[in-house]
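Residue strings, one per chain:
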2 protein chains.
Amino acid sequence: MDKIKKLQQILTLNQIDAYIIPTADEHNSEYISAYYKIREYLTGFTGSAGTLIITQNKAFLWTDGRYHIQATKQLEGKPITLMKQGLPNVPSIEEFLIEHLKKGNTLAFNGKTMDASFLLNLKEKLPNINIKADADFIHEIWEERPELPFSFLFKLEEFYAGKSFKEKVFELRAELLTAKADAHILSTLEDQAWLYNLRADDIPHTPVFLAFTFITDNECHLFIQSKKIDKIIEKYLKENEIILHEYTEFYQYISQVNDKHILLDFKKINYAIYLAVAEKNQLICKQNPTLLLKAIKNKCEIENIKHAHVKDGVAFTKLMYHVKSSIQDSTMNELSVTSLLQKFREQQESFIDISFDTICAYKEHGAMMHYKATEDSNVSLEPNDFLLIDSGGHYLDGTTDITRTLALGALTDTQKLHFTTVLKSVIALSEAVFLKGVKGINLDILARGPIWKLLLDYKCGTGHGVGYLLSVHEAPNGFRWQVVPERNDSAELVPGMITTNEPGIYLENKYGIRIENEMLCVTKGKSDFGDFLGFETITVAPIDLDAIDIALLTKEEIRWLNQYHQKVYDTLSPYLDEEEQSWLKHYTREI
Amino acid sequence: MDKIKKLQQILTLNQIDAYIIPTADEHNSEYISAYYKIREYLTGFTGSAGTLIITQNKAFLWTDGRYHIQATKQLEGKPITLMKQGLPNVPSIEEFLIEHLKKGNTLAFNGKTMDASFLLNLKEKLPNINIKADADFIHEIWEERPELPFSFLFKLEEFYAGKSFKEKVFELRAELLTAKADAHILSTLEDQAWLYNLRADDIPHTPVFLAFTFITDNECHLFIQSKKIDKIIEKYLKENEIILHEYTEFYQYISQVNDKHILLDFKKINYAIYLAVAEKNQLICKQNPTLLLKAIKNKCEIENIKHAHVKDGVAFTKLMYHVKSSIQDSTMNELSVTSLLQKFREQQESFIDISFDTICAYKEHGAMMHYKATEDSNVSLEPNDFLLIDSGGHYLDGTTDITRTLALGALTDTQKLHFTTVLKSVIALSEAVFLKGVKGINLDILARGPIWKLLLDYKCGTGHGVGYLLSVHEAPNGFRWQVVPERNDSAELVPGMITTNEPGIYLENKYGIRIENEMLCVTKGKSDFGDFLGFETITVAPIDLDAIDIALLTKEEIRWLNQYHQKVYDTLSPYLDEEEQSWLKHYTREI
C-alpha cells in the first residue's frame, strides 16, 4: 500500500487531523542525514527543503522557489498537492493550518524534529486545538530506515581555526553574562563544531557530528555517541574540561535542570528541548551567541579561506579548460563532468569533501536551481548552449561555493544578453560601498536590478553566508529583498563575514545562468559621514568570455572584469600546466 | 529671566523631573501653526522637527540630520545640549528617558500634544515612574502667544479631487468593516481635508484646517470652529449629512462614547484622545485607512498633478533663466531670488500658495539642508559656486516639490564630480524596475550608492511622498535605508504613489548640492516572474548642464538626461517667451 495512505490510516486510528513532517533532524539542521529524510521517503521529492502536511485524506508539500520546477516533476501523478512557497495566493504553512484546523482538532508531530519557535507561534494563533508532540509514527511505516549517522571526530588545529576552544568558550560565556544567563543549550551542529574546533562527517557534505551541549558558568557538557571519539579526541576533551555524556542521555539530563536562566534560541532548538526545560527554568530567548562569533571570520580563518579559494579556482579552471577545449571532440555528460571536477578538487592539498552535491546542469536542467544529475536524468553535452556548474569544496582551510556557467558553443543574442546581465548584477553588488549598519535587504537590488529590468527574476536570495569547514549555507548574513524570518539571513553586514553573490536567470525548459562569487566584507574607509564597508571578491576562476556581449557593458564594468581576470590569471597560473596556462591567458584576456 | 530657567522653576515647584516639549499640535501634524511653536519659542531653534526635554537643571534638544548644522548655530551659547539624532552614540529620546528617570520620578507633558504610541511604549518600559499627562505650563511663560489659526474652508471640486466625499467615506467605511470596527477617530488634518474634499489655510503652507472627526457606520461628526465655515460650505456639509460640532467640544464628546470598536492609529492620535476612549471601548490599533487611500492618487488627480508640474516647471525655468543669464550684471541675493520665484509661481493659473518655505541657499548655506534665508543671513549672489533652490507650490491641481542646484559660475573639478554624482544617483533611482512588494528601503541604495562610493552621505531620506494640495511630506511611501518607525515612510510602493527622488551632497561650510524630482509609481509590465513596477518622472525643469562632467556619465545616463531634457523643452517652451525659449533650448541641448 502507498506510504501516505498507510500514514493516513494511522492518523485516522489516532484521531489526528493533521500531521506535520518537516525536513528536519533534532538539531534544526538545513541538510540532514539519511535517517531523518522522512519527507523525502514519503513523497519522493529529493530537494533539501520542504514540509509535508498530511491530513486524513489529503497531503500537501511546501517548498521554496529553488525547487518549484523539480518538485513539480517529482510529485507528478502522486496524490500530493504542491504548495509553491513565495508565490502570490499560496498560503504559508501557518496560514494553512490556521485555516484548516477547527476547535478541538488534533495536530500531531514528532517534537524532536519540530522547530520550537514555529510551534510556539502556532499555538498562540490556534489556542483551541489539541497538540500531540510525541507522535513518531514513521518507524511503523519505514521498514528499512537507515541508521543514525556514524563518523569519527577530528580536530581542527588552531592554525586553521585561529582560536582555541578555551578562547571561544570564554567569549561565549561573556555573551551569556551580558544576556544575564547562567546556562545555555546549544543543539545546532555547526555551532558546536565551531565551538569545540571539532569536525566529523555525520551529515552529507557538512563536516559536523550529532551532539548537544549544555553549558554553564563553569561547566561544559557534551552529549555525543561515545563511539565517535577516539583516544586523541578523548584526551583533547579532557584537557579542556569538557564533560562527556552519551547522546541519548540529553533529554533526560536537561529535564532535571532547574532554577537556571537559560539562554536559548527558540528558532534553533526543537520543541522537545523547549518542553524539557520551560517549566522549571527562566528562558532567555536570544540568538545563539556562537552564530555571530562564527560568522565573523578571524584573521587566520580569512587567510586560510583565501588559500582554499585558490585551490578551488585551480580545480575549477582545470575543469573549465577541459570541458571547453574538448567539447568538439570528446563525449562528456553531466555525470562525467561532475566526477572530473571532483577529481580535480581531490588533487588539491587538504581537501576533505565536496561542500554540497555538485549541480552540473546542461541546457534546460540549468533552470532547476538545485538540479542534481542522476543516471536517469544525465544528458550528454553538445557543442552548444549553456552548462551551469555550481559546486564547492571543504578544505582544512575553509569551505568554498562557486558557480560558473559555460558557453559550450555559439550562443544566441538573447542568451548573451542574459549572461551579460547576470554578470552586470554580480559586478554591481561586488562594487557596493555602504555605511556600517546596512543589511542584505538594502543591497539586493544592486544584483537583482539589472535582471528585473528585463522583467525577469530569480526566485531565491542573491547570496548566503558560508561557514569555515562547516555548512555551505551559514546565517546570519545574506542578500535577499524581503526578510524571511526563518532564514535569519538579513543581519547587518560586518567586516569578516563571507557571503556569496549569485544572481541568475532561469528560464523553464530552456536554460539557467548563474555566476557565483564569494565576497568578504571589508572596511573601505572612514569619513566625517561614518564608517564605510564594501566587499573583496575571494573566488578566483574565469568568467566565460565567450558568453559576454561586450557592447552591453559599461566602461566601469569592463574595468572590473579585466582587473578580476588579471587577478585570476596571476593567482592560478603558477598551479597550471603549460596548456592550461595558455588557455587561461586567453580566457582572462583584456576585453 | 531666561524662559527655560522659568520653566525649570515651575518643574521644581511641581516636583517634575522631566518635561517633554515635542514639536506638535493636537493633530500629530508635521508642520504646526504658530500657536503650537512652543519648542521654537523656548529654544530659538526654528527647524521643523525637534523635541525638547527639560529637567530641573538641564535642557536637551533632539533634531534629525536635516537640521544638525542649523541647530548647532541657533543653540550657540544657550544652555541646551544638542542631541544629533541618527549619529552613533546619540541616545534616542526614549533611551535617554529610560536612562535618566528613576523609580518614583515624575515625567510631565501636555497629553494633547503628545503622540499616544510614543507614550504607551515608554510607559511599558518605565512602569515605575509617575506620569502627569495634563501639564500645560506654557501659558505661564509665553506672554504674547499667537492665537489658534483662523482661515475659511473652501471646497476642492470633484474635477480636481477625482472622487466625491460620499465615495471616499464609502471606501473608508468598507475598510472599517474589514477591520471589524464600528467607529473611527480621525485627528490628522491631511486625512480629514482629503476625506471631505475641503481645504483651508490653518497651517503655514499646508492647506488644512484644525478639526477632529468621529465616524461610525452611519454618522460622521466633524468638530471644527464654526466661524471657519461659510454658507456654501455649510450647505455642502449638510448635503453630505456631516454633523457639525464646535472644535472645543471634541474631547468631551468622545469621552462619552462607549461600547464601540474604535479603529485608531496610536501613532496618529494624541495621548489625550487615547485616555478619553481607552477604558470604555475596544480599541483597534491600525493605520488610518485614509492614509493609503490618499497616498495612491487616482487617475484624475494624477492628470491634474502633471499639469501642476508643468506650471511649476515654467515658473522655475523662468527663474533659472533669469538668475543664470543675469548673474554677471545684476545684483541678486537669496531673498530677492526667493521673491522672484514666488512671483513666477503666482503668475501660474490656480496657484494657491508655496508648499513650504523656499530654500534658496548660496554656497555654504546650501550645506544646511533646510536653510531659510532671513534678513540677517541673506547674502548676495556672485558669479561663482552653487545656488541650491528647493521650493514648491500648491495649485488646485496639486502640490509640487522641486530642487535644482545652479552653477553661478565656473566650478572646480570636485564640485563637478559632486554634482554629476548626485545626478547619477537621481538617474539610478528613476530607472529602477522592481517587483510588486518592494519598499523604499530596497531601492534607497540606488540613489545613495554613487554618493557612498565617494565616502560621502546625506543624513536624511532619499525621498518622501507628496500630497495633493496637502502636506508636501506625505506618508506612507518614501526612500530611506533604515526603517524609522515614527516616520512611517517605508511602505510597499504602489502604482499611483508619488515620491520625491532627492539625493544630495552637503559639505559643511562649503556647499550643498541637491537635485529633486517627483516620481509617479507606474506599472512596467507583467511576466511569468511577476508584476513589475517602476517610476515616471513628473517634475519638468532643466538640470544645470554647466555643472556636469560628461566624462563621468555612462551612455545610459547620457541617454536618460538627453531624453529628460528633450521632454523638458517640448513641455515648457510653449509657455515661455522667445528669449527664455532660446535659453532653454541651449540648456536642454543633447550632450
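Residues numbered from 1 in each chain as written. Chains lettered and ligands numbered in written order. Predicted model: local features only at pLDDT ≥ 70, side-chain atom pairs only at ≥ 80, totals over all residues. Heavy atoms only, no water.

### Observations regarding the overall build of chain A
Turning to step 1, where the next piece is worked out: On a plain count of helices and strands, chain A comes out with 19 helices and 28 strands.
Turning to step 2, where the next piece is worked out: Relative to the compact-globule value of 25 Å for 591 residues, chain A shows a C-alpha radius of gyration of 24 Å, a close match.
Turning to step 3, where the next piece is worked out: Among the 591 residues that make up chain A, the fraction classed as buried is 61%.
Turning to step 4, where the next piece is worked out: Put simply, of all contacts in chain A between residues at least 6 apart along the chain, 68% involve residues at least 24 apart.
Turning to step 5, where the next piece is worked out: Approximately 23600 Å² of chain A is accessible, and the part contributed by carbon and sulfur atoms is 50%.
Turning to step 6, where the next piece is worked out: Taking the average place of the 64 positive charges on the side chains of chain A and the average place of its 83 negative ones, the gap between the two points comes to 3 Å. (Helix = DSSP H or I, 4+ residues; strand = E, 2+ residues; numbered from the N terminus. Rg over C-alpha atoms; globule rule 2.2 N^0.38 Å. Buried < 20%, exposed > 50% of the residue type's maximum accessible area, 1.4 Å probe, protein only. Contact = heavy atoms within 4.5 Å. Areas by Shrake-Rupley, 256 points an atom, 1.4 Å probe, with all protein chains shown as cover. Lys, Arg positive; Asp, Glu negative; His and termini not counted. Charge placed at Lys NZ, Arg CZ, Asp CG, Glu CD.)

### Thoughts on the sheet that holds strand β6 (residues 130–132) of chain B
Residues and elements named next belong to chain B.
Turning to step 1, where the next piece is worked out: Taken in spatial order, the six strands line up as β4-β3-β2-β1-β5-β6 in an open sheet, and their pairing is mixed. Looking at which strands have only one partner, the edges of the open sheet turn out to be β4 (81–84) and β6. Adjacent strand axes in the sheet meet at a mean angle of 20°, parallel and antiparallel pairs treated alike.
Turning to step 2, where the next piece is worked out: Pairing of strand β5 (residues 106–108) with β6 involves three bridges; the strand directions are parallel. Counterpart to A108 in the pairing with β6 is K132.
Turning to step 3, where the next piece is worked out: The strands touched by helix α1 (residues 3–13) are β1 (18–21), β2 (51–55) and β3 (59–63); relative to β2, the strand with the most contacts, the crossing angle is about 55°. (Pairing = 2+ DSSP bridges. Axes fitted to C-alpha atoms, helices over the stretch in contact; angles between N-to-C directions.)

### Quick look at the interface of chain A and chain B
Where interface size is given, it is often the accessible area lost as the parts come together that is meant.
Turning to step 1, where the next piece is worked out: Opposite the 33 residues of chain A that make contact, chain B presents 33 residues.
Turning to step 2, where the next piece is worked out: Of the roughly 2600 Å² buried at the junction of chain A and chain B (both faces included), carbon and sulfur atoms supply 67%.
Turning to step 3, where the next piece is worked out: By the criterion of area lost to chain B, the three top residues of chain A are L455(A), W481(A) and F529(A), representing 25% of everything that side buries.
Turning to step 4, where the next piece is worked out: Counting across the chain A and chain B interface gives eight residue pairs in polar contact (both at pLDDT 80 or more).
Turning to step 5, where the next piece is worked out: Those elements that provide at least two residues to the side of chain A that touches chain B are β21 (433–435), α17 (440–452), β25 (504–507), β27 (517–527) and α18 (555–572) of chain A. (Buried area = accessible area lost by both parts, 1.4 Å probe. Polar contact = N/O pair within 3.5 Å; in protein donor to acceptor, adjacent residues only side chain to side chain.)

### Section: the relation of the copies chain A and chain B
Turning to step 1, where the next piece is worked out: Structural alignment of chain A on chain B gives an RMSD of 0.1 Å, achieved by rotating through 180° and translating 0.1 Å along the axis. Here the symmetry operator amounts to a two-fold rotation axis. Scanning chain A for the C-alpha nearest the rotation axis identifies N442(A), at a separation of 2.5 Å. (Least-squares fit on C-alpha atoms with pLDDT ≥ 70 in both.)

### Comments concerning empty space enclosed by the protein
Turning to step 1, where the next piece is worked out: Counted by the stated rule, this structure contains five cavities of 30 Å³ or more.
Turning to step 2, where the next piece is worked out: A volume near 40 Å³ is recorded for the largest cavity.
Turning to step 3, where the next piece is worked out: Residues of the lining of the largest cavity, tallied by class, amount to four nonpolar, one polar and three charged. (1 Å grid on protein atoms, 1.4 Å probe; cavity = no way out; pocket = protein on both sides within 12 Å on 5 of 7 lines; lining within 4 Å. Points joined across faces, edges and corners; volume = space filled by probe spheres on them. Nonpolar A, V, L, I, M, F, W, Y, C, P; charged D, E, K, R; others polar.)

### Some words on the pattern of salt bridges
Turning to step 1, where the next piece is worked out: Taken as a whole, this structure holds 54 salt bridges over all chains when the rule is applied.
Turning to step 2, where the next piece is worked out: Notably, a salt bridge pairs E171(B) with K163(B), separated by 2.9 Å at the nearest N-O pair.
Turning to step 3, where the next piece is worked out: A salt bridge links R345(B) to D312(B); the shortest N-O distance between them is 2.6 Å. Separated by 33 residues along the polypeptide, R345(B) in helix α15 (residues 334–346) and D312(B) in helix α14 (residues 299–326) bring together distant segments of the chain. When sorted by exposure, R345(B) lands in the same class as D312(B), which is buried.
Turning to step 4, where the next piece is worked out: Where salt bridges share partners, they join D191(A), K294(A), K297(A) and E474(A) into one cluster. (Salt bridge = Lys/Arg side-chain N within 4 Å of Asp/Glu carboxyl O.)

### As for the side chain of H394(A)
All names here are of chain A.
Turning to step 1, where the next piece is worked out: Relative to the elements of secondary structure, H394 occurs in strand β18 (residues 393–395).
Turning to step 2, where the next piece is worked out: Looking at H394, the relative accessible area reads 1%, which means it is buried.
Turning to step 3, where the next piece is worked out: Within the structure, H394 has its side chain in polar contact with the backbone oxygen of H205 (distance 2.7 Å).
Turning to step 4, where the next piece is worked out: Sequence-distant contacts of H394, that is, excluding residues within four places in its chain, are made with H205, T206, P207, S350, F351, I352, D353, I354, S355, T399, L469 and L470.

### Topic: the packing of aromatic side chains
Turning to step 1, where the next piece is worked out: If you walk through the whole model with that rule in mind, you get 58 aromatic pairs over all chains.
Turning to step 2, where the next piece is worked out: Aromatic pair F212(A) and Y247(A): ring centres 5.3 Å apart, planes at 15°, arrangement stacked. Here F212(A) is found in strand β10 (residues 212–216), whereas its partner Y247(A) is found in the loop between β12 (242–245) and α11 (250–254), with 35 residues between them in sequence. For the pair F212(A) and Y247(A), a shared accessibility class is recorded, and that class is buried.
Turning to step 3, where the next piece is worked out: Consider the rings of W583(B) and Y587(B), whose centres lie 4.6 Å apart with planes at 25°: the pair is stacked. (Phe/Tyr/Trp six-rings, centres within 6.5 Å; stacked < 30°, edge-to-face > 60°.)

### Topic: the pairing of strand β26 (residues 511–514) of chain B
Turning to step 1, where the next piece is worked out: Where burial is concerned, the two faces of β26(B) agree: the one with Y511(B) and I513(B) and the one with G512(B) and R514(B) are both buried.
Turning to step 2, where the next piece is worked out: Counting the residues between successive antiparallel strands, the hairpin from strand β25 (residues 504–507) of chain B to β26(B) contains three residues, one of them, N509(B), with a positive phi of roughly 65°.

### A word on the sheet that holds strand β17 (residues 386–391) of chain A
Residues and elements named next belong to chain A.
Turning to step 1, where the next piece is worked out: Spatially, β16-β17-β20 is the arrangement adopted by the three strands of the open sheet, whose pairing is antiparallel. Every other strand in the sheet has two partners, leaving β16 (359–362) and β20 (402–407) as the edge strands with one partner each. Sheet twist, expressed as the mean angle between neighbouring strand axes with direction ignored, is 10°.
Turning to step 2, where the next piece is worked out: Sheet analysis places β16 next to β17, joined by four bridges and oriented antiparallel. Along β17, the bridge assignment pairs A361 with L388.

### Details of the environment of S326(B)
Turning to step 1, where the next piece is worked out: Here S326(B) lies in helix α14.
Turning to step 2, where the next piece is worked out: For the pair S326(B) and L408(B), spaced 82 residues apart in the sequence, the C-alpha separation amounts to 9.8 Å.

### Topic: the packing of helix α18 (residues 555–572) of chain B against helix α19 (residues 578–587) of chain B
Each packed pair of helices is defined by two parameters, the angle between the axes and the distance between the axes.
Residues and elements named next belong to chain B.
Turning to step 1, where the next piece is worked out: As a packed pair, α18 and α19 sit with axes 9 Å apart at the nearest point and diverge in direction by 170°. Put simply, α18 runs roughly antiparallel to α19. Residue-level contacts link H565, V568, Y569 and L572 of α18 to Q581, L584, K585 and Y587 of α19.
Turning to step 2, where the next piece is worked out: A breakdown of the residues in the contact of α18 with α19 according to their chemical character gives five nonpolar, two polar and one charged. (Parallel < 35°, antiparallel > 145°, perpendicular 65-115°, else oblique.)

### Topic: the packing of helix α8 (residues 165–178) of chain A against helix α9 (residues 189–196) of chain A
Residues and elements named next belong to chain A.
Turning to step 1, where the next piece is worked out: With their axes 7 Å apart at the nearest point, α8 and α9 run at an angle of 125° to one another. When the interaxial angle is binned, α8 and α9 end up oblique. Residues F165, K168, V169 and L172 of α8 pack against W194, L195 and Y196 of α9.
Turning to step 2, where the next piece is worked out: Looking at the contact of α8 with α9 residue by residue, the class counts come to six nonpolar, no polar and one charged.

### Here we look at helix α4 (residues 93–100) of chain B
Residues and elements named next belong to chain B.
Turning to step 1, where the next piece is worked out: When α4 is considered as a whole, its buried residues turn out to be I93, E94, F96 and L97. The buried side chains of α4 occupy one side of the element, clustering within an arc of 160° when seen end-on.
Turning to step 2, where the next piece is worked out: If you follow the buried residues of α4, they end up packed against β1, β2, β3, β4, β5 and α5 (116–125). (Arc of directions from axis to C-beta.)

### Observations concerning the confidence of the model for chain A
Turning to step 1, where the next piece is worked out: Per-residue confidence for chain A gives a mean pLDDT of 96; residues scoring 70 or more make up 100%.
Turning to step 2, where the next piece is worked out: Prediction confidence for the complex, expressed as pTM and ipTM, is 0.92 and 0.91 respectively. (pLDDT = per-residue confidence, 0-100.)

### Points about the side chain of Q70(A)
Turning to step 1, where the next piece is worked out: Topologically, Q70(A) is positioned in helix α3 (residues 68–74).
Turning to step 2, where the next piece is worked out: Beyond its immediate chain neighbours, meaning those up to four positions away, Q70(A) contacts F45(A), T46(A), G47(A), M368(A) and H370(A).

### Some details on the pairing of β25(B)
Residues and elements named next belong to chain B.
Turning to step 1, where the next piece is worked out: Burial along β25 is two-sided: G504 and Y506 and I505 and L507, pointing in opposite directions, are all buried.
Turning to step 2, where the next piece is worked out: Judged from the four bridges that link them, β25 and β26 form a sheet pairing that is antiparallel. Of the residues in β26, the one forming a bridge with L507 is Y511.

### What about the environment of K3(A)?
Residues and elements named next belong to chain A.
Turning to step 1, where the next piece is worked out: Along the chain, the position of K3 falls in helix α1 (residues 3–13).
Turning to step 2, where the next piece is worked out: Once the C-alpha coordinates of K3 and W142 are considered, the two residues, 139 residues apart in sequence, prove to be 8.4 Å apart.
Turning to step 3, where the next piece is worked out: Ignoring sequence-local partners within four residues, the contact set of K3 consists of Y41, L42 and I141.
Turning to step 4, where the next piece is worked out: Within polar-contact distance, the side chain of K3 engages the backbone oxygen of Y41 at 2.8 Å.

### Digging into unusual backbone geometry
Turning to step 1, where the next piece is worked out: Cis peptide bonds are those with omega within 30 degrees of zero, and the linkage from A475(A) to P476(A) qualifies with 0°.
Turning to step 2, where the next piece is worked out: Residue position: P476(A) is located in strand β23 (residues 474–479).
Turning to step 3, where the next piece is worked out: Phi is positive for H205(A), close to 60°, though the residue is something other than glycine.
Turning to step 4, where the next piece is worked out: By the secondary structure assignment, H205(A) is in the loop between β9 (198–199) and β10.
Turning to step 5, where the next piece is worked out: The backbone phi angle of N28(B) is positive, close to 50°, even though this residue is not glycine.
Turning to step 6, where the next piece is worked out: Among the secondary structure elements, N28(B) is positioned in the loop between β1 and α2 (38–43).

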